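# What the coordinates show
The chain contents come next:
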Amino acid sequence: MKFLLWSRGGFRVHFDGPASLAARLRNYYRDTATGRFDSLIVAERMFDHPLEIVHTNNLPPERLSEASLGRHLNGCRIGFDLGGSDRKAAAVIDGEVVFSDETRWDPYFENDPQYHFDGIMDSLKKAAAHLPRVQAIAAARQASI
């Protein structure tokens, strides 16, 4: 439920299951520190309502809303992907790739924040060197499961 709350958002959860579990969920989101945090951030701050757990055996139909995000390719932009084994950066001018680079790195065992900062800045500067100006930097995101 935590994943759905954070990935889909909302303030009302309709639950079709044992009444005792619905009561435990209500208590969790009302009485525990982690549950209160989720309720506060997602339900109250994003949707202006306290989190409600509605126990029902008649679930309402799913409501989806979609909005196309991104795909703004005009201007001078850097695309950046920070992975566990490499960093990728690309420079794009009005949708045309003018530079692309992939650099191997192993950040997992590096405890020094400067290592991470230096690596990220190295990739961004390499891409920026191929642009007359930088108007936007976009980080790649992993596809949802």
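Refer to the preceding data block for the structure.
Residues numbered from 1 in each chain as written. Predicted model: local features only at pLDDT ≥ 70, side-chain atom pairs only at ≥ 80, totals over all residues. Heavy atoms only, no water.

### Considerations on a nonpolar patch on the surface
For clarity, the threshold we go by: A patch is a set of surface residues, each over 30% in relative accessible area and not in a salt bridge, joined within 9 Å for like charges and within 5 Å for the nonpolar side chains Val, Leu, Ile, Met, Phe, Trp and Tyr. Where accessible areas are quoted, they stem from the Shrake-Rupley method and a 1.4 Å probe; at the residue level, only the protein chains shown are allowed to cover. Salt bridges are defined by distance alone: a side-chain nitrogen of Lys or Arg within 4 Å of a carboxyl oxygen of Asp or Glu. Think of it this way: any DSSP run of H or I at least four residues long counts as a helix, any run of E at least two long counts as a strand, and we number them from the N terminus.
On the surface, a cluster of nonpolar side chains totalling about 410 Å² of accessible area is made up of Trp6, Phe37, Met46 and Phe47. Along the polypeptide, Met46 turns up in helix α3 (residues 33–47).

### Re helix α4 (residues 113–128)
This is how the line gets drawn: By definition here, a helix of n residues has an expected span of 1.5 Å times n minus one. The cut-offs for exposure are 20% and 50% of the maximum accessible area for each residue type, with area from a 1.4 Å probe on protein chains only; residues under the lower value are buried, those over the upper are exposed, and the others partly exposed. Think of the arc as the fan of directions from the helix axis to the C-beta atoms. Throughout, a contact is declared for two residues whenever any of their heavy atoms are within 4.5 Å. Whenever a nitrogen or oxygen atom comes within 3.5 Å of another N or O atom, the pair is scored as a polar contact, on the condition that within protein one atom can donate a hydrogen and the other can accept it, and that pairs from neighbouring residues in sequence are kept only if both atoms are in side chains.
Between its terminal C-alpha atoms α4 stretches 22 Å, which fits the 22 Å expected from 16 residues at 1.5 Å a residue. Among the residues of α4, Gly119, Ser123, Leu124 and Ala127 are the ones counted as buried. Looking straight down α4, one finds its buried side chains confined to an arc of 125°; they lie on one side. Contacts made by the buried residues of α4 are with β3 (76–82), β4 (86–93), β5 (96–104) and β6 (136–139). The backbone nitrogen of Gln114 lies 3.0 Å from a side-chain oxygen of the residue at the head of α4, namely Asp112.

### Observations regarding the sheet that holds β6
Two strands in a sheet stick together by hydrogen bonds in their backbones, pointing the same way (parallel) or opposite ways (antiparallel). Rules: A pair of strands is labelled paired if DSSP reports no fewer than 2 bridges between them. Convention adopted: a line fitted to C-alpha atoms gives each axis, helices being fitted over their contacting stretch, and angles between N-to-C directions are expressed from 0 to 180 degrees.
The strand order across the open sheet formed by four strands is β5-β4-β3-β6, and the pairing between neighbours is mixed. Only two strands of the sheet have a single neighbouring strand rather than two, namely β5 and β6. Here the average twist between neighbouring strands, direction ignored, is 15°. Judged from the eight bridges that link them, β4 and β5 form a sheet pairing that is antiparallel.

### Details of the pattern of salt bridges
Taken as a whole, this structure holds nine salt bridges when the rule is applied. We note a salt bridge from Asp101 to Lys126, for which the minimum N-O separation is 3.7 Å. Here Asp101 is found in strand β5, whereas its partner Lys126 is found in helix α4, with 25 residues between them in sequence. The exposure class assigned to Lys126 is partly exposed, which follows from its relative accessible area of 32%. In this structure, a network of salt bridges that share partners links the residues Arg87, Asp101, Asp122 and Lys126.

### Looking at the side chain of Thr56
Inspection of the secondary structure puts Thr56 in the loop between β2 (52–55) and β3. Of the residues examined, Thr56 reaches a relative accessible area of 16% and is grouped as buried. In contact with Thr56, other than residues within four places in its own chain, are His14, Phe15, Asp16 and Gly17.

### Focus on the nonpolar core
Nonpolar side chains in soluble globular proteins generally cluster together in the buried interior. Our working rule: Buried Ala, Val, Leu, Ile, Met, Phe, Trp, Tyr and Cys residues form a nonpolar core when they are joined through side-chain atoms within 4.5 Å.
Residues Leu5, Phe11, Val13, Phe15, Ala22, Leu25, Tyr29, Val42, Ala43, Leu51 and Ile53 constitute the largest nonpolar core, which totals eleven residues. When contributions to this core are tallied by element, the ones reaching two or more residues are β1 (12–15), α2 (19–31) and α3. Per-element accounting of this core gives the leading share, three residues, to α2. If you look at the next biggest cluster of nonpolar residues, it comprises nine residues, including Ile78, Phe80, Ala91 and Ala127.

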